[in-house]
Each structure stands twice: as C-alpha cells, then as structure tokens.
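Next come the chains, spelled out residue by residue.
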Amino acid sequence: MTGTDPIHINTRIRENAQQLAGALEQHMLKSFAPDARKQLRLFSAGEAADLLGISPSFLRKLHFEDRVPEVQTSAGGRRSYSATDLAAIRKILDDSAKTPGTYLKGRRPGDKVQVLSFLNFKGGSGKTTSSIHAAQRLALKGYRVLAVDIDPQASLTTLFGYQPEFDFLHSGSVYDALRYDDPVPLSQVILKTYFEGLDLAPSGLMLQEFEHETPTALRNNIQPPFYARMAAALQEVEADYDVIIFDCPPQLGYLTLSALCASTGMLITVVPNMLDVASMSQFLQMSADLLDVVSNAGAQMELDFLRFLINRYEPSDGPQQQVVAFLRQLFGKEVMVSPMLKSTAISDAGLTQQTIYEVERGAFHRSTYDRAMESLNAVNDEIETLMQQAWGR
Ligand SMILES: Nc1ncnc2c1ncn2[C@@H]1O[C@H](COP(=O)(O)OP(=O)(O)OP(=O)(O)O)[C@@H](O)[C@H]1O
Ligand SMILES: [Mg+2]
C-alpha cells in the first residue's frame, strides 16, 4: 500500500485533456499573438515572380509601367506581396494575355475538378505534410483549392490554427456532411482560411463515428452508400474549386474508401526504408481487395493518375538510395521524379503549426530552408503538371 488514492482513469484523462488543451491554446497565443489566429506572411519579389510564372525583371517592369497596383514597399525600395496582391496581379496579367488561361491555369469549361488523395496506412509517412504543402502551393499559384481533412486526428485542421475539439462544436465538420442521419450540405462546414484561395473542410474526432455507423447504414440500405457519400457531398461545391485535396487517415477504413471513390488522382506517400515498403505492399494488396468489393457494389473508380511520393529522403543515405532505386525499377514513372527531402526546416516549422510556405526564411539556416523549399516546390509543381495533363494541356 502506498497510501495514495487510486487513480480514476476517466477523471485523470479528462484532467490531462484539459491541461493539454489549455497549454496548446497558450502555445498558439505565443506563436500567433495577439489573437492566436494565423496570418499569411508577405512574399518577396523573387517569390512573387516565381508564383506568377514571370521573371523578376518583368515584374519590376509591370510596376515601372504602372500596369499593376503598388504593393507594400520598404524604405530601401524592397517590395513585399500579399497573397491578395498576387491574385490581383495574376488577374491583370491574364486579362491582358493573348490566350486567356496563360496565368490563371485553373479549370476551363468542360474540365473536371481534380480530386487528389494523399494516403498510405502507414502512420507518419507524410500524408498531412505533403497534402498541406500541395494545397498551399497550388493556392499561391492561383488555383482555387479546397482541403478536406478526413482524418479524425484532425492534423490538417490543426495546422490551419484550429483546435478541433472546441472550434467546430456548433459549425460542424466533414462528419456532418457525411453522416447518415440528416447530413448538412458540405458548403455549410467549409471555412475560408487566412490563405488566399484555400478553403478548409475541417475534421474532428466525431468523424470516427462514420466508421462506426457505416455497418448499420449498410444493413439498412441507407443511400447513398458509404463509398458514394464523399463524392455526393462534393458535388454541391465542386464548381467553386479547381482542385480538392484529401488528407486521409492512416487506415483503410470507410472514410478513406469514400475519398478514393471521389478521387481523380492518388498520391501514396512512402518513406524509403524496407519496413515502410513492406507495409506499403500490404496496404496496396488490401486496397485492391477492398476496391474490388466496392467496385462490384457499383462504385465508379477511374483515376487520371497514381503516383508514389517519396518522403523524408536523405540523398546521402546508401540504403535509402537502394530502396528508391528498387521502387523506381518496379513502378517506373509512377514514382514521382522529385522526392520530398527529409528536412529539419519542415519538422521545425511543424512545431509552430506552420509549413515551409508560411515560415520566414530568416527563421532558419538559409541553405536548410532553401533545400526544403526547392524540394517541396519541385514535388508540388510535378503535381500541378499531372493536373494540367489530366486537363489535356
Ligand atoms: N520531409 C520531412 N522532413 C522532416 N520532417 C517531416 C517530413 N515529412 C514529415 N515530417 C514530420 O513527420 C511528422 C509526421 O508527418 P505527417 O503528419 O505529415 O505524417 P502523416 O502520414 O500525416 O501521419 P498520420 O499517419 O499520423 O496522419 C510530422 O511531425 C512532420 O512535421
Ligand atoms: Mg496525417
């Protein structure tokens, strides 16, 4: 006997939860004072030119000729661009281009919306990291993007600066658009974010209910069935977007299958070591079996592309190089040309719930930051090319 009181597991866990939620709120306040809401940083002239797809000298010329509105300029004459500035300049460029769509590269009449799923049932393989960076880069390049968090862990939602356990109690989450009793239109739960051109359909722990409720719904033949519910929910809003991005949970449940059945592109994130590759082998086998089942039940499943996205790549690591070579030999062009490098800039940015596109370059060792940025840009620009190809361009 120690003489201490026994610990009531539920009371203790509730206390832990409250302590942690309070501390996280404080952490947000410290990182994003004064109101704990995130704001997007400004971009340098070099970054702006890259995002607009023009040369820095052409951008200067546009200002010199007064063809674009002036932006924030330092005493030393350095210009800084907000995402709103970029959108305005892009519109002006496109309006005066010989062919419309030169600068605004989103959907044209007849193009279907691109729906990309980032998945793998291996936890920590980089689904959330790659999906948010893709969503942000595409938004910065002028695409209208909807990020849909379908992981009950709600990591993507958290990266947008929300506390999922409090913030959507009344406004609802993706769960409310998928639920079998009384679903709400998806537009009702979609949030505008601090990121120009990027909207979020948030998640929360409630989303796990979809996994629990689906077997009963199947027995009661509630329509549409689970595999068609995500596509059905998207239908209402898809005209507002060029691309919709799913951050999937690390499991092959009903949520993931429903997202897959709505997808036009699939990105499987893989860390190049043998254990992860072995786990991916099981994931692929299981996916194929489950997709056979839903396909036989009548699900429509046609992808424009499937790609393996190598994450946490360390080019100097011999065994990793061998695994990557093995994957390239096996899957050929289905392995993305550019890998996501392992970088402390990516993980450190994550500590303050930020991405490489959000942090300031000055916060890191320059070469570390630049390497991470180059690697993510290369990956995301490859994804952009795949989308453009799917639109026949
Ligand atoms: N290329 C990278 N370099 C360094 N750290 C990375 C990289 N990619 C991801 N990370 C870090 O690894 C952790 C896990 O990544 P992430 O959350 O994206 O994985 P996930 O597949 O979404 O995980 P889960 O299966 O739990 O949803 C995060 O802390 C993230 O910051
Ligand atoms: Mg994740």
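Residues numbered from 1 in each chain as written. Chains lettered and ligands numbered in written order. Predicted model: local features only at pLDDT ≥ 70, side-chain atom pairs only at ≥ 80, totals over all residues.

### Side note on the sheet that holds strand β7 (residues 198-201)
Read across the sheet, seven strands follow the order β6-β7-β5-β8-β4-β9-β10 without closing on themselves; strand pairing throughout is mixed. Taken across any chain shown, the strands that pair with only one partner, and hence form the sheet edges, are β6 (191-192) and β10 (305-310). Bridge count for strand β4 (residues 114-119) against strand β9 (residues 265-270) is four bridges, and the pairing is parallel. Paired with F118 across the two strands is L267, which belongs to β9. In the packing of helix α5 (residues 127-140) onto the sheet, the strands contacted are β4, β5 (145-149), β7, β8 (243-247), β9 and β10, and the crossing angle to β8 comes to about 165°. (Pairing = 2+ DSSP bridges. Helix = DSSP H or I, 4+ residues; strand = E, 2+ residues; numbered from the N terminus. Contact = placed C-beta atoms within 7 Å. Axes fitted to C-alpha atoms, helices over the stretch in contact; angles between N-to-C directions.)

### Describing helix α1 (residues 9-31)
Here α1 contains 23 residues, and its C-alpha end-to-end distance of 32 Å stays within 8% of the 33 Å for a straight helix at 1.5 Å per residue. In terms of burial, α1 is a largely surface element, one of the 23 residues being buried. (Expected span 1.5 Å × (residues − 1). Buried ≥ 20, exposed ≤ 12 C-beta atoms within 10 Å, placed from the backbone.)

### Quick word on the site of ligand 1
Around ligand 1, the surrounding shell holds 19 residues, and the nearest of these are K127, T128, T129, P250 and G350. Mapped onto the shell around ligand 1, the elements with two or more residues apiece are α5 and α14 (344-351). Of the residues assigned to the shell around ligand 1, the class counts are three nonpolar, twelve polar and four charged. (Near = placed C-beta within 6 Å. Nonpolar A, V, L, I, M, F, W, Y, C, P; charged D, E, K, R; others polar.)

### A few points about the pairing of β5
For β5, the tally of buried residues reaches five of five residues, placing the bulk of the element in the interior. Judged from the five bridges that link them, β5 and β8 form a sheet pairing that is parallel. Pairing of V145 across the sheet is with V243, part of β8.

### Observations concerning the sheet that holds strand β2 (residues 72-73)
Spatial strand order, β1-β3-β2: three strands in an open sheet with antiparallel pairing. Every interior strand has two partners, whereas the edge strands, β1 (43-44) and β2, have only one. The sheet contact formed by β1 and strand β3 (residues 79-81) spans two bridges and is antiparallel. The partner of S44 across the bridge, within β3, is S80.

### A word on the environment of L104
Assignment of secondary structure puts L104 in the loop between α4 (83-96) and β4. A sequence separation of 52 residues divides L104 from L52, and the C-alpha atoms of the two residues are 9.2 Å apart. Discounting chain neighbours no more than four positions away, the residues touching L104 are R90, D94 and G142.

Any link to function would need more than the numbers given here.
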